[in-house]
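# Structural overview for review
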Amino acid sequence: MRAHEAGALHGDIGHREPAWLRPPVDVNALVPQLWPRAVARGVDGALTVAGLGVADLAAEYGTPVYVLDEDDLRSRARDFRDAFPDVDVYYAGKAFLCRAVIRMIAEEGLHLDVCTGGELATALSAGMPAERIGFHGNNKSVAELTRALDAGVGRIILDSFTEIDRLTALARERKVRPGVLVRVTVGVEAHTHEFIATAHEDQKFGFSLAGGAAAAAAFKVIDEGVLDLRGLHSHIGSQIFDTSGFEVSARRILALQAQIRDARGVELPELDLGGGFGIAYTTQDDPAAPQELGKRLRKIIDSECAAENLAVPHLSIEPGRAIVGPAVFTLYEVGTVKNVDGLRTYVSVDGGMSDNIRTALYDASYSATVANRASTAEPLLARVVGKHCEAGDIVVKDEFLPADVQPGDLVAVPGTGAYCRSMASNYNHVPRPPVVAVRDGSARLIVRRETEEDLLALDVG
């Protein structure tokens, strides 16, 4: 059984730690699977990343700051590329997108999945070849579809009958035949938080398999003959730790492939299995390695294709979190430490829900460590909270920090590469943090810090 953040919600009773969290033997020890591979403690006890000390990074770039281990990200991209030979690996840009990261994943041979006009504009400005881009979204506008057609985007994933009509009209006007996939809602209940489960019937994405809409959508595209239907697409959710859901999904979607073949004489050449592969945020998480995922998914597809007498289609997957999530940590500075009547110790940092909304939104669990020094103090069960005017402004719900944690300390939170910067906000008019990429002993700014001037520039009243 693989436990993960979207399992049973932790009861918030008193100041006891959750069942999976144990007091550490060494409060300074790093759990390797939680951190970028270039992170270590130096001889002085402070964290280093690719040879650079966190105190130096904080001094140069300020806090909060997202710190990206570039070699770690590139290595994870290669891990998926190598674990899925002859498969198109689309980096799911919604996890975190900027031009520098797009260039990294392109150089490592990956494709890119975008889901808005802004993401597409960023991809094109970074030089991502349009034919290696897949365009998602449940409500693509005419302007967005027009830009995708004009740029020559390789795959457009259809999400509604309205969109089929919209794209068909645009393609007919331009006398082009874009490659498309039909997104299928397969009715699989992925064991994840309800907000990130995407294949049950009652949600906004895709065409229902059980209700017949998916088959009707495929028939409509084939019969009209304007769009080039390349295959089907399925995505069952995020932060998933086993492949049983993918097995059920593959069985159902390949049965639809066979239905299309039998009804229209067309055997679709492609199949996109989506992404959602989980990562370790805490010691309770136990994700499978890409090599293991590759073996399991290939076995599932081979078996189900044989059962339906189908040729094995050309496969695609869409990892995002699994590539960028573990490659980044967020560095904060402690402002206050408050013990509330013996109930709980609150460690307040200079960021919070504006740079990581996931704890408040998904009840996500994170880990943390004091980063600027080692400590000989006893472990203290603490809650790391932000500076926003919100009781739910929690960064790390429960973590053992040294009992001598104090204002001015640096606290590092691992696993923040996915969705934290992407979902960041200006709540309470707090500017969003920068992203700094570190490699071979040097750092470079890839997304600059927002300033108060930036906020005021948008306020035209």
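### A closer look at the overall build of the chain
Secondary structure summary: the chain contains twelve helices and 21 strands in total. The C-alpha atoms of the chain give 23 Å as radius of gyration, which agrees with the globular expectation for 461 residues (23 Å, within 12%). The dimensions of the chain, computed from C-alpha atoms along their principal axes, are 70 × 50 × 40 Å. Of all 461 residues assigned to the chain, the portion counted as buried reaches 56%. Relative to all contacts within the chain whose residues are 6 or more apart in sequence, the contacts with residues 24 or more apart total 72%. Total accessible area on the chain is roughly 18,900 Å²; 50% of this is exposed by carbon and sulfur atoms. For the chain, the centre of its 47 positive side-chain charges and the centre of its 64 negative side-chain charges are spaced 4 Å apart.

### Here we look at the packing of aromatic side chains
Taken as a whole and assessed by the stated rule, the structure comprises six aromatic pairs. Relative to Phe 84, the ring of Phe 80 has its centre 6.2 Å away and its plane inclined at 10°; by these criteria the two rings are stacked. Take Phe 80: its relative accessible area is 2%, and that puts it in the buried class. Through successive ring pairs, a cluster of aromatic residues spans Phe 80, Phe 84, Phe 246 and Phe 277. For the cation-ring pair, Lys 140 lies above Phe 135, with the distance from its terminal atom to the ring centre recorded as 5.9 Å. Above the ring of Phe 219, the side-chain terminus of Arg 264 is found at 4.2 Å from the ring centroid.

### Focus on helix H2 (residues 70-83)
Its 14 residues give H2 an end-to-end C-alpha distance of 20 Å, which sits within 8% of 20 Å, the value for a rise of 1.5 Å per residue. Of all the positions in H2, only Glu 70, Asp 72, Leu 73, Arg 74, Ser 75, Arg 76, Ala 77, Phe 80 and Ala 83 are classed as buried. The distance from a side-chain oxygen at the start of H2 to the backbone nitrogen of Asp 71 is 3.3 Å, and the residue carrying that oxygen is Asp 69.

### Looking at the packing of helix H3 (residues 99-107) against helix H4 (residues 117-125)
The geometry of H3 relative to H4 is characterised by a closest axis approach of 9 Å and an angle of 65° between their N-to-C directions. Classified by chirality, the crossing of H4 by H3 is right-handed. Contact with H3, carried on its side by Arg 99, Ile 102 and Arg 103, involves Thr 122, Ala 123 and Ser 125 of H4 and no other residues of that element. Looking at the contact of H3 with H4 residue by residue, the classes come out as two nonpolar, two polar and two charged.

### Here we look at empty space enclosed by the protein
Within this structure, the stated rule accounts for three cavities of 30 Å³ or more. Approximately 50 Å³ is the volume attributed to the largest cavity. Lining the largest cavity we find Tyr 66, Leu 68, Phe 96, Val 324, Val 328, Thr 416, Gly 417, Arg 421 and Val 435.

### Regarding the pattern of salt bridges
Enumeration according to the criterion identifies 31 salt bridges in this entry. Two residues, Arg 78 and Glu 108, come together in a salt bridge whose shortest N-O distance is 3.3 Å. Here Glu 108 lies in the loop between H3 and strand S6 (111-114) and Arg 78 lies in helix H2, a separation of 30 residues in the sequence. Judged by its relative accessible area of 10%, Glu 108 is buried. Each of Glu 70, Asp 71, Arg 74, Arg 78, Arg 81, Asp 82, Glu 107, Glu 108, Arg 439 and Arg 444 takes part in salt bridges that share partners, so that together they form one network.

### Thoughts on the pairing of strand S12 (residues 270-275)
Across the six residues of S12, six count as buried, placing the element largely inside the fold. Relative to S12, strand S11 (residues 228-233) is paired through three bridges, and the arrangement is parallel. Note on S12: the bridge partner recorded for Gly 231 is Glu 270. Relative to strand S13 (residues 314-318), S12 runs parallel, the two being bridged by four bridges. Residue Leu 271 lies in a different strand from S13, and its bridge partner there is Leu 315. Each parallel crossover has a hand, and the one from S12 via helix H9 (residues 290-308) to S13 is right-handed.

### Remarks on helix H5 (residues 142-151)
Residues Glu 144, Leu 145, Thr 146, Ala 148 and Leu 149 constitute the buried set of H5. Along its buried surface, H5 packs onto H4, strand S7 (133-135), strand S8 (155-158) and helix H6 (161-174). Two residues or fewer past H5, Gly 152 is found with a positive phi of approximately 85°.

### Some details on the pairing of strand S17 (residues 379-385)
Within S17, five of the seven residues are buried, leaving the element largely enclosed by the surrounding structure. Sheet topology note: the strand S15 (residues 344-349)/S17 ladder contains four bridges and is parallel. For Ser 348, the partnering residue across the bridge sits in S17 and is Val 385. Pairing analysis gives six bridges linking S17 to strand S18 (residues 394-402), with the strands arranged antiparallel. Residue Leu 381 lies in a different strand from S18, and its bridge partner there is Phe 400.

What counts, and at which threshold
- Residues numbered from 1 in each chain as written.
- Predicted model: local features only at pLDDT ≥ 70, side-chain atom pairs only at ≥ 80, totals over all residues.
- Heavy atoms only, no water.
- Helix = DSSP H or I, 4+ residues; strand = E, 2+ residues; numbered from the N terminus.
- Rg over C-alpha atoms; globule rule 2.2 N^0.38 Å.
- Buried < 20%, exposed > 50% of the residue type's maximum accessible area, 1.4 Å probe, protein only.
- Contact = heavy atoms within 4.5 Å.
- Areas by Shrake-Rupley, 256 points an atom, 1.4 Å probe, with all protein chains shown as cover.
- Lys, Arg positive; Asp, Glu negative; His and termini not counted.
- Charge placed at Lys NZ, Arg CZ, Asp CG, Glu CD.
- Phe/Tyr/Trp six-rings, centres within 6.5 Å; stacked < 30°, edge-to-face > 60°.
- Lys NZ or Arg CZ within 6 Å of the ring centre and 35° of its normal.
- Expected span 1.5 Å × (residues − 1).
- Polar contact = N/O pair within 3.5 Å; in protein donor to acceptor, adjacent residues only side chain to side chain.
- Axes fitted to C-alpha atoms, helices over the stretch in contact; angles between N-to-C directions.
- Left-handed = near helix turned anticlockwise from the far one by under 90°.
- Nonpolar A, V, L, I, M, F, W, Y, C, P; charged D, E, K, R; others polar.
- 1 Å grid on protein atoms, 1.4 Å probe; cavity = no way out; pocket = protein on both sides within 12 Å on 5 of 7 lines; lining within 4 Å.
- Points joined across faces, edges and corners; volume = space filled by probe spheres on them.
- Salt bridge = Lys/Arg side-chain N within 4 Å of Asp/Glu carboxyl O.
- Pairing = 2+ DSSP bridges.
- Right-handed = clockwise from strand over helix to strand, strands pointing away.

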